[in-house]
Amino acid sequence: MSDVFEEVEENLRSERWKHLFQRWWPAAAAIAGVAVLVVGGIWFLDARKGWSGAEASQAYQRGLDALQAEDQSAAEAAFVEVEGAGNGPYRALALMQRAAFRLERGETAEAVALFDQASEATNQPLISDIAQLKAAWALMDSGSLEDVTTRLSPLTEEGRPFRFEAQEALALARLQHGQTDAARQQLQALTLELELPDSLRQRAQITLGLIESGAAASIPGIIEAAGRAADQAEAEAAAAPRPGATAPGAQAPAAGAATDH
């Protein structure tokens, strides 16, 4: 008798599993299909980053080579090509190169717009912050103190990669707009920073000396030197390794004075 019960129970179990399978297999198949698509999508995106990085790197290098050959038209065309490659850091660097061309032509507003686009093109502070710093330098002569301050203040916060350069720029902007005491205080505070680079400390001390002596006419030279320092910072950002792309490792051209990011 027990064998009969066991057989009936086995049949019931079989029927139950068959019913469950018929009811749920479409959902299970759909879930499995979605999982395959997700995994495949992640793989494709990772691969695409590598492809876009390689494409952007090659196009950016062509732009730098064209600059070396003094062919600005070819350089700008290459940098425009970089922007379409989809790689954030290289796109930002290419936008800054194009902004430099605009500054050379005296098109400050257009250059600042490109710097802003460069800052938004990547979430890497080493690149995005230098773009904003160079935008502020571009506006130093023609922009309002409020605009320059709005751009520079976030860059001066602790942990930002160019906070010292931004503090110097902010002090010089205040000096340009007649806020001598505020500029002096900021420069004095800057010289007390333990991690301040020697070149920047020297410029701050020279500027303080000029303020104290009343030799305000010499301040533009300090501003020009600080602007060139921003160019060097951009070159270092371009040479820094970035995930998903081969670093260009070449210096960006200067656009002169306290403007050219």
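Just so you know, the residues in each chain are numbered from 1, in the order the chain's sequence is written. Since the coordinates come from a predicted model, pLDDT governs what is reported: local features require at least 70, and pairs of side-chain atoms require 80 or more to be given and counted, while whole-chain, interface and lining totals use all residues. Values shown for side chains rest on all heavy atoms present in the structure; no hydrogens or waters enter the calculation.

Caption draft 1: The arrangement of the pattern of salt bridges in detail. Just to be clear on terms, a salt bridge is a Lys or Arg side-chain nitrogen sitting within 4 Å of an Asp or Glu carboxyl oxygen. Applying the stated criterion across every chain yields a total of 14 salt bridges. One salt bridge connects glutamate 107 with arginine 102, and the closest N-O pair in it is separated by 2.9 Å. Residue class for arginine 102 comes out partly exposed when judged on its relative accessible area of 23%. For glutamate 158, the salt bridge goes to arginine 163, with nearest N and O atoms at 3.9 Å. Overall, glutamate 158 belongs to the exposed group, its relative accessible area being 71%. Overlapping salt bridges bring together Glu76, Glu83 and Arg98 as one network. Classification of residues uses two cut-offs on accessible area relative to the type maximum, computed with a 1.4 Å probe and protein chains only: under 20% is buried, over 50% is exposed, and between them is partly exposed.

Caption draft 2: Expanded view of the packing of helix α4 (residues 108-121) against helix α5 (residues 125-139). Orientation of α4 relative to α5, taken along the N-to-C sense of each, is 165 degrees, at an axis distance of 8 Å. As judged from the angle between their axes, α4 and α5 are roughly antiparallel. Between α4 and α5 lies a crossing whose hand is left-handed. Of the residues in α5, those touching α4 at Thr108, Val112, Phe115, Asp116, Ala118 and Ser119 are Ser128, Ala131, Gln132, Lys134, Ala135, Ala138 and Leu139. Residues were grouped as follows: Ala, Val, Leu, Ile, Met, Phe, Trp, Tyr, Cys and Pro as nonpolar; Asp, Glu, Lys and Arg as charged; and all remaining residues, including Gly, as polar. Broken down by class, the residue content of the contact of α4 with α5 amounts to 7 nonpolar, 4 polar and 2 charged. For helices, the axis comes from a line fit to the C-alpha atoms of the stretch in contact; other axes are also lines fit to C-alpha atoms, and the angle between any two N-to-C directions lies between 0 and 180 degrees. Only DSSP runs of H or I covering at least 4 residues are called helices, and only runs of E covering at least 2 are called strands; the numbering of each starts at the N terminus. Roughly parallel here means an angle under 35 degrees, roughly antiparallel means over 145, roughly perpendicular means 65 to 115, and every remaining angle is called oblique. Should the near helix be turned counterclockwise from the far one by less than a right angle, the crossing is left-handed, whereas a clockwise turn marks it as right-handed. Pairs of residues are marked as contacts when any of their non-hydrogen atoms sit within 4.5 Å.

Caption draft 3: Local environment of the packing of aromatic side chains. Put simply, two rings from Phe, Tyr or Trp (the six-membered ring, in Trp's case) pair if the centres are within 6.5 Å, and we call them stacked under 30 degrees between planes, edge-to-face over 60, tilted for the rest. In this structure the tally under the stated criterion is 3 aromatic pairs. Judged by centre distance (5.4 Å) and plane angle (50 degrees), the ring pair of tyrosine 60 and phenylalanine 79 falls under tilted. One end of the pair, tyrosine 60, is in helix α1 (residues 2-68); the other, phenylalanine 79, is in helix α2 (residues 72-83), with 19 residues separating them in the sequence. On the basis of relative accessible area, phenylalanine 79 is assigned to the buried category, the value being 0%. Here a set of aromatic residues connected by ring pairs shows up, and it is made of Tyr60, Phe79, Tyr90 and Phe101. Positioned over the ring face of phenylalanine 164 is arginine 163, at 4.5 Å from the centre of the ring. Here, a charge over a ring is recorded when the distance from Lys NZ or Arg CZ to the ring centre is within 6 Å and its angle to the ring normal is within 35 degrees.

Geometry only, nothing functional implied.
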